[in-house]
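Architecture at a glance
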Amino acid sequence: MTGRRIVVFTSSAELGPALTHLVTSRAEKAITSHGRFTLGLSGGSLVSMLSKELLALPQLDCSKWVVGFCDERLVSFSDPESTYGVYKSQLFSKINIPDSGILTIDSSLPVTECAEDYTRKLKEAFPGEDLPVFDLLLLGMGPDGHTCSLFPDHPLLEETKKIVAPISDSPKPPPQRVTMTFPLVNSARCVAFISTGGSKATVLKEVLEGGKVSPYPAARVVPTNGELFWLIDDPAAAALTIQVERPGAGAKL
Ligand SMILES: O=C1O[C@H](COP(=O)(O)O)[C@@H](O)[C@H](O)[C@H]1O
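Residues numbered from 1 in each chain as written. Predicted model: local features only at pLDDT ≥ 70, side-chain atom pairs only at ≥ 80, totals over all residues. Heavy atoms only, no water.

Taken together, 14 residues surround the ligand, and among them Gly43, Ser45, Asp71, His146 and Lys172 come closest. His146 is positioned such that a nitrogen or oxygen atom in its side chain is 3.0 Å from an oxygen atom of the ligand. Taking Lys172, its side chain carries an N or O atom lying 2.9 Å from an oxygen atom of the ligand. Across the complex, the protein chains shield 93% of the 400 Å² of accessible surface that the ligand would expose by itself. A breakdown of the residues in the shell around the ligand according to their chemical character gives two nonpolar, seven polar and five charged. (Near = heavy atom within 4 Å. Polar contact = N/O pair within 3.5 Å; in protein donor to acceptor, adjacent residues only side chain to side chain. Areas by Shrake-Rupley, 256 points an atom, 1.4 Å probe, with all protein chains shown as cover. Nonpolar A, V, L, I, M, F, W, Y, C, P; charged D, E, K, R; others polar.)

And the structure:
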């Protein structure tokens, strides 16, 4: 890892533009270096914040973006729980990302086959890479410390071979999902957690200030060679006692 940066903003309104700067700056760097920008998206509260902020930019060219999902719920795309479905209505339908640049699951498959199919799609999208290296992964963290669909005490936390795994007993509904595993997450060039709201304060302290061996999945995200950001707001940061950055509005990460 190239060093963890914990960056605190007074509110989500201040955090939003810093998030879009992170996305657009890493996109520009990736496209200059290897001709495309590979982005992994999470669901939950991230969807509306990211969509609103990206759509507020005066210019956004996504023609060279390839988007995958850090996890996805096994429901039809028209279901409000479908992460792809909500991104499609809130973001993808309003930007110039080609359909071929969006790597979706096949939600008609049983969960194990769905994870195998998604693994194949990712491997095809990253030819020659045993472990696909995403330019940027945007992660959320639940109040129980889960990230992607990697939940506390679940055997999937120990997965070392698969890059994408099925889960059929997710404690947070819906129960059937597919998720990136730690080997894939930790191979990314840059990983950013976005965590806002007071419901995350207690677990955030445990994750960021706890010891090296943590029961919280989010604490196990430690990119091998990449950057790690925690972008959080004051309510989420309320219990922290470690040193953090407070760059204010207009932060360029
Ligand atoms: O179920 C999920 O939860 C996490 C956290 O969501 P949040 O609403 O608490 O931010 C999310 O990152 C993940 O993609 C999603 O499937």
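With that out of the way, let us pick up the sheet that holds strand E2 (residues 37–41). What the six strands build is an open sheet, ordered E1-E9-E8-E5-E2-E3; its pairing is parallel. Two strands bound the open sheet, and with one partner strand each, they are strand E1 (4–9) and strand E3 (65–69). Sheet twist, expressed as the average angle between the axes of neighbouring strands with direction ignored, equals 20°. Against the sheet, helix H1 (residues 12–34) makes contact with E1, E2, E3, strand E5 (136–139), strand E8 (190–195) and strand E9 (227–233), and its axis sits at roughly 160° relative to E9, the strand it touches most. (Pairing = 2+ DSSP bridges. Helix = DSSP H or I, 4+ residues; strand = E, 2+ residues; numbered from the N terminus. Axes fitted to C-alpha atoms, helices over the stretch in contact; angles between N-to-C directions. Contact = heavy atoms within 4.5 Å.)

Turning our attention to the UniProt feature "domain: Glucosamine/galactosamine-6-phosphate isomerase" (unreviewed entry) in the chain. UniProt feature "domain: Glucosamine/galactosamine-6-phosphate isomerase" (unreviewed entry): in the numbering of this structure it lies at residues 12–230. Along residues 12–230 one finds 32% helix and 16% strand; the C-alpha atoms at either end are 13 Å apart. (UniProt positions renumbered as here; feature names shortened; annotations may be inferred.)

The antiparallel open sheet is built from three strands, whose spatial order is E4-E7-E6. Each end of this open sheet is capped by a strand with a single partner; those strands are strand E4 (71–73) and strand E6 (164–167). Strand-to-strand twist of the sheet, defined as the mean angle between neighbouring strand axes without regard to direction, takes the value 15°. Two elements, E6 and strand E7 (residues 177–180), share four bridges in a ladder whose sense is antiparallel. Paired with Pro166 across the two strands is Val178, which belongs to E7. Sitting on the sheet, helix H4 (residues 111–125) touches E6 and E7, and the angle it makes with E6 is about 165°.

Here we come to H4. Compared with the 21 Å implied by 1.5 Å per residue over 15 residues, the 21 Å span of H4 between its first and last C-alpha is a close match. Turning to H4, its buried residues number three or more, namely Val111, Cys114, Ala115, Asp117, Tyr118, Thr119, Leu122 and Ala125. Elements in contact with the buried residues of H4: E3, E6, E7 and helix H5 (182–185). (Expected span 1.5 Å × (residues − 1). Buried < 20%, exposed > 50% of the residue type's maximum accessible area, 1.4 Å probe, protein only.)

Glancing now at the pairing of E7. Side chains Arg177 and Thr179 project from E7 onto one buried face, and the interleaved Val178 and Met180 project onto a second face that is buried too. By the bridge criterion, three bridges tie E4 to E7 in an arrangement that is antiparallel. The residue bridging Asp71 from the neighbouring strand is Thr179, located in E7.

Next up on the list: the state of the cysteines. The full count for this structure, using the stated rule, is zero disulfides. Between Cys62, a free cysteine, and Cys70, which holds the nearest cysteine sulfur, the sulfur-to-sulfur gap is 17 Å. Given a relative accessible area of 0%, Cys62 falls into the buried group. Just so you know, Cys114 is unpaired, no disulfide at all, and the nearest cysteine sulfur is the one on Cys148, 15 Å from it. Looking at Cys114, the relative accessible area reads 0%, which means it is buried. (Disulfide = S-S within 2.5 Å.)

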